[in-house]
Amino acid sequence: MTKNYNGDLYADFEREAVPHMDALFNFALRMTGDSDEANDLVQDTYMRAFRFFDKFEKGTNCKAWLFRIMKNTYINSYRKKTKEPERFDYEDVENYYENVKPSSTEDAHLEREIFDNLLDDQVASAISSLPEDFRTVVILADIEGFTYEEIAEFIDCPVGTVRSRLHRARKMLYAKLYDYAGSKGYVKN
Amino acid sequence: MMHDKDKHEYAELVTALVDNEINDSLLQAKIRTLSESDPDLKFEYHVQTTIKRTVKNKCRFNNCPSSLKNRIMLDLRTGKFPEETPASSKPVFSLRPWAYAAAVAVIFLTLFIFRVTDGEIDPKLEVLESKFSLDKMAMNNFKAILDSKLSCEIASSDSNTIKSFFHDKGLRYAVRMVCPTGWTYVGAVVSQDNGEKFGHVVLKDAKEICFIYLKWIKNILHRRKN
């Protein structure tokens, strides 16, 4: 074998890292958009995590540590293979956004219902179409429930950048989903 | 009057308010008031809450498939640590040549356990036995496992779990599991040849892994039959 089997290390790893496998798979699937790629990405992440588990500082956030390994693995091995989503022109989003403001509280309630009627796949597809940096923060904040600080640690940038990206990502999604709703006849374009 | 720059900054703070990420209570109160009084910020608040809720409610959580969990656990237990190679080209078990040789030797030293359920011998099994060298087939299968062509389908150290797995996979013979002292089960796989299924067990000790195929011995069957 390429490395001596170490029962204690394995037991620690099993206790600390293995419980986060579902969360990592979920993120991998959202990032790659392909279950085979997600499987490989999760497996690679866990193998690398175990190799470097002696570097993990006990008592710190293991989930964030695993996500960081996954991010690096994704960047190094998978991103090249994954088709980049269409480019977003944020100025277009801003202009669009100005035109769809509900004029009253009643309209806002109606709009909430419209968004509630969207299909799960439509929402998933809108998230997939976001540029990677923006997609990452939406998944981590709104699906995985990470705090800004954890996300900042994970994507290696300041907390202010996380907030700014999340703010813009949600606006992009709003424009995208409003468009979907229009195409389905839920709202008048 | 609010400048555009301020408004933009406040708009982002509305996002932080929605996510409960403003620790300063004074700032929190200020942004809350602004998000209720200023039409633009009110709209920002509406957009941020609507999308946050929509994403949370509409994006179902995808659990990691159990087959993947098993594969990862098996790889960890067997101490498989791939070098920095693309995922698709990795073998299931990475062994150095000496370990490979040792493992192959263990195959021949390890007991092969078989038993057939009561009843008539399946003629098809007899044909298979006469047609192929099972030892050669076992060597090929072990090589296939090392080359990642045949991956373990279940990771378990429990013999009963592996027995149930063989049963569920439709093995036509009952299996008696024997684990040599100092070794533990790590997983199993079922292969198929000419429509017949064969069970394979992977074990490990402190230094090596080995592979056992579950062989059916005709003379034992005959003895049982008589």
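Residues numbered from 1 in each chain as written. Chains lettered and ligands numbered in written order. Predicted model: local features only at pLDDT ≥ 70, side-chain atom pairs only at ≥ 80, totals over all residues. Heavy atoms only, no water.

### Quick word on the overall build of chain B
We apply this condition: By the criteria applied, helices consist of DSSP H or I runs no shorter than four residues and strands consist of E runs no shorter than two, each listed in order from the N terminus. The cut-offs for exposure are 20% and 50% of the maximum accessible area for each residue type, with area from a 1.4 Å probe on protein chains only; residues under the lower value are buried, those over the upper are exposed, and the others partly exposed. Contact definition: two residues touch when any of their heavy atoms are within 4.5 Å.
Across its full length, chain B holds nine helices and four strands. From first element to last, N terminus to C terminus, chain B shows the α and β order α-α-α-α-α-α-α-β-α-β-β-β-α. Split into buried and exposed, the 226 residues of chain B put 48% on the buried side. In chain B, 64% of the contacts between residues at least 6 apart in sequence involve partners at least 24 apart.

### Quick notes on the overall build of chain A
Heads up, the rule is: Using a 1.4 Å probe, the Shrake-Rupley method yields the accessible areas, and only the shown protein chains count as cover for residues.
A tally of regular secondary structure across chain A gives ten helices and zero strands. In chain A, the succession of α and β elements from N to C terminus is α-α-α-α-α-α-α-α-α-α. Relative to its 189 residues, chain A shows a buried fraction of 51%. A fraction of 73% describes how many contacts in chain A between residues 6 or more apart in sequence connect residues 24 or more apart. In the structure as shown, chain A presents an accessible area of about 9,000 Å², 44% of it carried by carbon and sulfur atoms.

### Looking at the side chain of Thr54 of chain B
Our working definition: N or O atoms within 3.5 Å of each other form a polar contact, as long as, within protein, one can give a hydrogen and the other can take it, and as long as residues adjacent in sequence are counted only when both atoms are side-chain atoms.
Looking at the element boundaries, Thr54 of chain B is found in helix α3 (residues 39–58). Looking at Thr54 of chain B, its side chain comes within polar contact range of the main-chain oxygen of Thr50 of chain B, at 2.6 Å. Each residue touching Thr54 of chain B, except ones within four places of it in the same chain, is listed here: Phe115, Val123 and Leu177 of chain A together with Cys59 of chain B.

### Description of the packing of helix α7 (residues 120–128) of chain A against helix α10 (residues 159–183) of chain A
Residues and elements named next belong to chain A. Heads up, the rule is: For helices, the axis comes from a line fit to the C-alpha atoms of the stretch in contact; other axes are also lines fit to C-alpha atoms, and the angle between any two N-to-C directions lies between 0 and 180 degrees. Angular relationships are summarised with four words: roughly parallel below 35 degrees, roughly antiparallel beyond 145, roughly perpendicular across 65 to 115, and oblique for the angles in between. Each crossing is labelled by how the near helix is turned from the far one, with a counterclockwise turn of less than a right angle marking it left-handed and a clockwise turn marking it right-handed.
The contact between α7 and α10 brings their axes to 10 Å, and the two run at 140°. Between α7 and α10, the angle falls in the class oblique. Pair α7 / α10 crosses with right-handed handedness. Residues Gln122, Val123, Ser125, Ala126 and Ile127 of α7 form the contact with α10, whose own contacting residues are Leu173, Lys176, Leu177 and Tyr180.

### Topic: the packing of aromatic side chains
Residue and element names in this part refer to chain A. Note the following rule: Here a Phe, Tyr or Trp ring, Trp counted by its six-membered ring, pairs with any other such ring whose centre lies within 6.5 Å, and the pair is stacked when the planes are under 30 degrees apart, edge-to-face when over 60, and tilted otherwise. We call a charge positioned above a ring when the Lys NZ or Arg CZ atom is no farther than 6 Å from the ring centre and deviates by at most 35 degrees from the ring normal.
The full count for this structure, using the stated rule, is 13 aromatic pairs over all chains. Ring centres 4.9 Å apart and planes at 90° place the aromatic pair Phe67 and Phe146 in the edge-to-face group. Residue Phe67 is found in helix α4 (residues 62–78), and its partner Phe146 is found in the loop between α8 (132–143) and α9 (148–155); the two are separated by 79 residues along the sequence. Look at Phe67 and you get buried, because its relative accessible area is 0%. A relative accessible area of 9% places Phe146 in the buried class. Summarising the aromatic geometry, the rings of Phe67 and Phe154 are spaced 5.5 Å apart at their centres and angled 75° between planes, so their arrangement reads as edge-to-face. Linking Phe67 in helix α4 with Phe154 in helix α9, this pair joins segments that are 87 residues apart in sequence. The class for Phe154 is buried, based on a relative accessible area of 2%. Taken together, the aromatic side chains of Tyr10, Phe13, Tyr46, Phe50, Phe53, Phe56 and Trp65 make up a single cluster linked through ring pairs. Its guanidinium or amino end placed over the ring of Phe146, Lys63 lies 5.1 Å from that ring's centre, counting from NZ or CZ.

### Notes on the nonpolar core
Rules: Here, the term nonpolar core denotes a set of buried Ala, Val, Leu, Ile, Met, Phe, Trp, Tyr and Cys residues that are joined through side-chain atoms within 4.5 Å. Domain start and stop points were drawn from an automatic or database domain assignment.
Grouped together as the largest cluster of nonpolar side chains are 82 residues, with contacts concentrated most on Phe13, Val42 and Tyr46 of chain A together with Val55 of chain B. When residues of this core are assigned to domains, at least three map to each of domain 1 (1–87) and domain 2 (121–189) of chain A. Once you skip the residues sitting within four places of it in the chain, Val42 of chain A turns out to touch Met21, Leu24, Phe25, Ala28 and Met70 of chain A together with Leu68 and Ile72 of chain B. Of all hydrophobic cores here, the second largest spans twelve residues; its members include Ile162, Phe166, Trp183 and Val201 of chain B.

### Concerning the pattern of salt bridges
Rule in force here: What counts as a salt bridge is simple: a side-chain nitrogen of Lys or Arg found within 4 Å of a carboxyl oxygen of Asp or Glu.
By the definition in use, this model includes ten salt bridges over all chains. Asp133 of chain A is the salt-bridge partner of Arg165 of chain A, the closest N and O atoms lying 4.0 Å from each other. One end of the pair, Arg165 of chain A, is in helix α10; the other, Asp133 of chain A, is in helix α8, and 32 residues separate them in sequence. Assessed through its relative accessible area of 22%, Arg165 of chain A is described here as partly exposed. When the shortest N-O distance is used, the salt bridge between Arg170 of chain A and Asp19 of chain B registers 2.8 Å.

### Considering the packing of helix α3 (residues 35–51) of chain A against helix α4 (residues 66–77) of chain B
As a reminder of what qualifies: Side-chain classes follow a simple rule in which Ala, Val, Leu, Ile, Met, Phe, Trp, Tyr, Cys and Pro form the nonpolar group, Asp, Glu, Lys and Arg form the charged group, and the remainder, Gly included, forms the polar group.
In contact at an axis separation of 10 Å, α3 of chain A and α4 of chain B are set at 25° when each is read in the N-to-C sense. As summarised for this structure, α3 of chain A and α4 of chain B are arranged roughly parallel, according to the angle between their axes. The chirality of how α3 of chain A crosses α4 of chain B is right-handed. Contacts from Asn39, Asp40, Val42, Gln43, Tyr46, Met47 and Phe50 of chain A in α3 of chain A reach Leu68, Arg71, Ile72, Asp75 and Leu76 of chain B in α4 of chain B. Of the residues that constitute the contact of α3 of chain A with α4 of chain B, the class distribution is seven nonpolar, two polar and three charged.

### What about the confidence of the model for chain A?
All names here are of chain A. The line we're drawing: By definition, pLDDT measures how confident the predictor is in each residue, and it falls between 0 and 100.
Looking at chain A, the pLDDT average stands at 81 and 77% of residues meet or exceed 70. Highest mean pLDDT in chain A belongs to α8 (92); lowest belongs to helix α5 (residues 90–99) (62). Note that residues 1–5 has pLDDT below 50 and, in this model, 22 contacts with residues that lie over four places away or in other chains.

### A look at α8 of chain A
Each turn of an α-helix holds 3.6 residues, which means side chains three or four residues apart point in the same direction. All names here are of chain A. Let me state the cut-off plainly: For a helix, the expected span equals 1.5 Å multiplied by the residue count minus one.
The end-to-end C-alpha separation of α8 is 15 Å, in line with the 16 Å expected for twelve residues at 1.5 Å each. Burial in α8 covers these residues: Glu132, Phe134, Arg135, Thr136, Val137, Val138, Ile139, Leu140, Ala141, Asp142 and Ile143. Residue Gly145 follows α8 closely and has a positive phi angle near 75°.

### Re the environment of Thr50 of chain B
Following the sequence through the fold, Thr50 of chain B ends up in helix α3. The residues contacting Thr50 of chain B, other than those within four sequence positions of it, are Arg112 and Phe115 of chain A. A polar contact of 2.6 Å, which involves the side chain of Thr50 of chain B, links it to the backbone oxygen of His46 of chain B.

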